[in-house]
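What the coordinates show
For reference, the chains in residue letters:
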Amino acid sequence: MNTDNAKSQMRKGMLEYCVLLLLRRCPSYANDIIERLRMADMIVVEGTLYPLLTRLKKDMLLKYEWRESTQGPPRKYYALTMDGEEALRLMDQSWNELTNTVDKLKGMYLE
């Protein structure tokens, strides 16, 4: 089994959830999102993040606003919409169900 491939697939599946989690508390621009993901040991490149942000905006889960920057041109700050907050709530439920299932399965073989 190629565990690197399995790990990569799991990360791809979790990226949308992680981005919504990061935007739950405060609007952020793309480079900030990438840096915060890196701080959590999830390496993501711009070529992966920007299409995801565009899709989430198209799906009306995110909105954005332009803000002036002291370090160059204005930046696009992303934030959750009400639909995005609801999607995140449902993802939280799904995550909790999945982790409970995995924990139960792991426990079955540790006893």
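Preceding this section is the structure that the text describes.
Quick caveat, the model's predicted, so the values are computed rather than measured.

**With respect to the overall build of the protein**
Looking only at helices and strands, the protein has four helices and three strands in total. Moving toward the C terminus, one meets the helices and strands of the protein in the order α-β-α-α-β-β-α. In the protein, which comprises 111 residues, the share counted as buried stands at 29%. Across the protein, the 17 positively charged side chains and the 16 negatively charged ones have centroids separated by 2 Å.

**Focus on the nonpolar core**
Formed by 22 residues in total, the largest nonpolar core has its most connected members in Val19, Ile33, Leu37, Leu49, Leu53 and Leu62. Among the elements that line this core, the one with the most residues is helix H1 (residues 3–23), at six residues. What Leu53 contacts, discounting residues up to four positions off in sequence, is Val19, Ala30, Ile33, Leu62 and Tyr78.

**Observations concerning the pairing of strand E2 (residues 62–69)**
Pairing of E2 with strand E3 (residues 72–80) involves seven bridges; the strand directions are antiparallel. Within E3, the residue paired with Arg67 across the bridge is Arg75. What sits between the antiparallel neighbours E2 and E3 is a turn of two residues.

Rules used throughout
Residues numbered from 1 in each chain as written. Predicted model: local features only at pLDDT ≥ 70, side-chain atom pairs only at ≥ 80, totals over all residues. Heavy atoms only, no water. Helix = DSSP H or I, 4+ residues; strand = E, 2+ residues; numbered from the N terminus. Buried < 20%, exposed > 50% of the residue type's maximum accessible area, 1.4 Å probe, protein only. Lys, Arg positive; Asp, Glu negative; His and termini not counted. Charge placed at Lys NZ, Arg CZ, Asp CG, Glu CD. Core = buried A, V, L, I, M, F, W, Y, C linked by side-chain atoms within 4.5 Å. Contact = heavy atoms within 4.5 Å. Pairing = 2+ DSSP bridges.

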